[in-house]
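Here are the chains, one letter per residue:
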Amino acid sequence: MTPIETFNGKRVALFGLGGSGLATARALIAGGAQVAAWDDGEAGRLKAIAQGVALEDLAVADWSGFDALVLSPGVPLTHPEPHWTVQAAKAAGIEIIGDVELFCREREARAGGSPFIAITGTNGKSTTTALIAHILREAGRDVQLGGNIGVPILDLEPPSDERIHVIECSSFQIDLAPSLAPTIGVLINITPDHIDRHGAIENYAAIKERLVAAAEVALVGVDDAYCHAIGARLAEAESSDKRVVPVSGKRALDWGFYVEDRSVYFREQGHPPEEAELIGSLEGARALRGAHNAQNAAFAAAAAWECGLDDDEILRGLLSFPGLPHRMEEVRRIERALFVNDSKATNADAAEKALVSFTDIYWILGGRSKEGGVEPLRPHFSRIRKAYLIGEAADDFARTLEGALPFERCGTLEAATTRAALDALAEGAPEPVVLLSPACASYDQFANFEARGDAFRGFVEGLPAVIAARKGELT
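Residues numbered from 1 in each chain as written. Predicted model: local features only at pLDDT ≥ 70, side-chain atom pairs only at ≥ 80, totals over all residues. Heavy atoms only, no water.

Before going further, it helps to spend a moment on the environment of Asp-310. Here Asp-310 lies in the loop between helix H10 (291–306) and helix H11 (311–320). Note: C-alpha distance between Asp-310 and Gln-295 (15 residues apart in sequence) is 20 Å. A polar contact is formed between the side chain of Asp-310 and the backbone nitrogen of Glu-313, at a distance of 2.8 Å. (Helix = DSSP H or I, 4+ residues; strand = E, 2+ residues; numbered from the N terminus. Polar contact = N/O pair within 3.5 Å; in protein donor to acceptor, adjacent residues only side chain to side chain.)

See below:
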């Protein structure tokens, strides 16, 4: 835990008692703050009571006695309309902040300048964050990983000069962190997202920009128009104590970090292309397949390089990265077949990244369909040997696939996994891939995509017995 001693003696209203909200309450109390915590949901309030956090109904509280409102990131700050606690805080003239802001203030008070890498982007930020932390740990560094991924930021060990905090930040967290100024800021990409919470793509992009605007080193993507414009704007305002470094996962750059032909390079500003420094090839990095992961690898290599790691240390981390669960996760091999859990692919755009990374695919898809279905994936159907349909979307998807590729309706994930495995091993592909990449939400049959991926992993682990039994039936 990081006790928030900068709020010692202050009275704080805290709204939202999910995982990060409870961690924030504990950290404030440990630092000496008086916390009045509340949540509209009874489950959150009961968890708070069980952990010794005092409750106070903020709807009837005297807001003039509070020094700040600490808001959980899932609570609307501006759109579609400010939450009632936000309106009360503004009426009382008190600041509205979140857990990342508390960390930033505590870092400044305890160990100003301690290593702090903050990562954001619409896509790939979790993989990039985990990859940076993995590379640094493999090189022997003391790393604390958390934020919007895994452990809440205030449940991590406190900042210190020898400890590197690697923190994923959502747009909601950035919006509640006015003093965010990391040592290294990473802005991977921007595409339209969370518009319901920010009102317009321009507002969303402006919030993302704040993460890198005050960073000592800003690593900014150039592969989309929004980030390219942000990088150019920051570079124009660059000062002696701040640097802006471009990063691309798609093309060679005049200078900066980039991936070309599945290799990561760094090119100094003003140097010719032949003097670009080869950091290493991604060919052996099985968890970093696909163009999207090339972008993630470029950013991770850049962040590690800025932390002082050498090329060998960076490459060793890239090649040994195991990947994240449910994101093109290689579950295991059974005979010739590779089984891949990409349950995180809850829409066609996400599933496309997996489809373009493999061939001879036995594709398990379906669930609760999202707008557009799988029609956008038609250009990649040639990579697929057969499709196995599950869940509510089966009939809709069957209409799209009819005449384009073989498919069967399996109903359940268990049935689809078994059928795909048997077909993959019965046919002649040298390395067939049984791929769960549903292009759908999970809610028709599973609580979330994690539960769906865990179920797939369990079914795969039980396949050897099923396959042996089937072979016995045929002999």
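This brings us to the nonpolar core. One finds Phe-7 and Leu-28 to be the most contacted residues of the largest nonpolar core, which totals 45 residues. In terms of residue count, the dominant contributor to this core is helix H8 (residues 201–213) (six residues). Ranked by size, the runner-up nonpolar core spans 43 residues in total, among them Ile-149, Ile-184, Phe-266 and Ile-279. (Core = buried A, V, L, I, M, F, W, Y, C linked by side-chain atoms within 4.5 Å. Buried < 20%, exposed > 50% of the residue type's maximum accessible area, 1.4 Å probe, protein only.)

Trans is the prevailing form of peptide bonds, just as negative phi is the prevailing case for residues other than glycine. Cis geometry marks the peptide bond from His-79 to Pro-80, where omega comes out at 0 degrees. Residue placement: Pro-80 occurs in the loop between strand S3 (68–71) and helix H3 (84–92). Although it is not a glycine, Met-328 sits at a positive phi angle of roughly 45 degrees.

The subject of this paragraph is the pattern of salt bridges. The final tally for this structure, using the stated rule, is 28 salt bridges. A salt bridge links Glu-306 to Arg-243, with the shortest nitrogen-to-oxygen separation between them at 2.5 Å. Within this pair, whereas Glu-306 is found in helix H10, its partner Arg-243 is found in strand S10 (residues 243–248), the two being separated by 63 residues in sequence. Overall, Arg-243 belongs to the partly exposed group, its relative accessible area being 34%. Three or more residues are tied together by salt bridges with common partners; here these are Lys-386, Glu-408, Arg-419 and Asp-423. (Salt bridge = Lys/Arg side-chain N within 4 Å of Asp/Glu carboxyl O.)

All right, on to the environment of Thr-24 then. Here Thr-24 shows up in helix H1 (residues 19–30). In this structure, the C-alpha to C-alpha distance between Thr-24 and Asp-99, residues 75 residues apart in sequence, is 6.2 Å. Apart from the residues within four sequence positions on either side, Thr-24 is in contact with Leu-14, Val-70, Asp-99, Leu-102 and Leu-154. From its side chain, Thr-24 meets the backbone oxygen of Ser-20 in a polar contact 2.8 Å long. (Contact = heavy atoms within 4.5 Å.)

Attention now goes to the sheet that holds strand S19 (residues 407–411). Spatial ordering of the open sheet is given by S14-S15-S20-S16-S18-S19, a layout of six strands whose pairing is mixed. The two strands at the open ends of the sheet, each matched to only one other strand, are strand S14 (329–334) and S19. Direction aside, the axes of adjacent strands within the sheet are offset by 20 degrees on average. Of the strand pairs in this sheet, strand S16 (residues 361–366) and strand S20 (residues 433–436) are connected by four bridges, and their pairing is parallel. (Pairing = 2+ DSSP bridges. Axes fitted to C-alpha atoms, helices over the stretch in contact; angles between N-to-C directions.)

A few words on H3. Residues Thr-85, Val-86, Ala-88 and Ala-89 constitute the buried set of H3. Taken around the axis of H3, the buried residues stretch over an arc of 160 degrees, which confines them to a single face. Along H3, exposed side chains directed more than 90 degrees from the buried face belong to Lys-90 and Ala-91. Check the buried side of H3 and you find it contacts strand S1 (11–15), S3 and strand S4 (95–97). Residue Gly-93 follows H3 closely and has a positive phi angle near 75 degrees. (Arc of directions from axis to C-beta.)

Tracing the backbone through its elements, the reader meets Arg-267 in strand S12 (residues 263–267). With no salt bridge to any partner, buried Arg-267 finds its closest opposite charge in Asp-254, at an N-O distance of 4.1 Å. A polar side-chain atom of Arg-267 sits 3.0 Å from the main-chain carbonyl oxygen of Asp-254. (Lys, Arg positive; Asp, Glu negative; His and termini not counted.)

Ordered by their spatial adjacency, four strands build an open sheet running S2-S1-S3-S4, and the pairing between neighbours is parallel. Where the open sheet ends on each side, the last strands, each with one partner, are strand S2 (34–38) and S4. Within the sheet, the average angular offset between the axes of one strand and its neighbour, ignoring direction, is 25 degrees. Here S1 pairs with S2 via five bridges, running parallel. Of the residues in S2, the one forming a bridge with Leu-14 is Ala-37. Lying on the sheet, H1 is in contact with S1, S2 and S3; it crosses S1 at an angle near 170 degrees.

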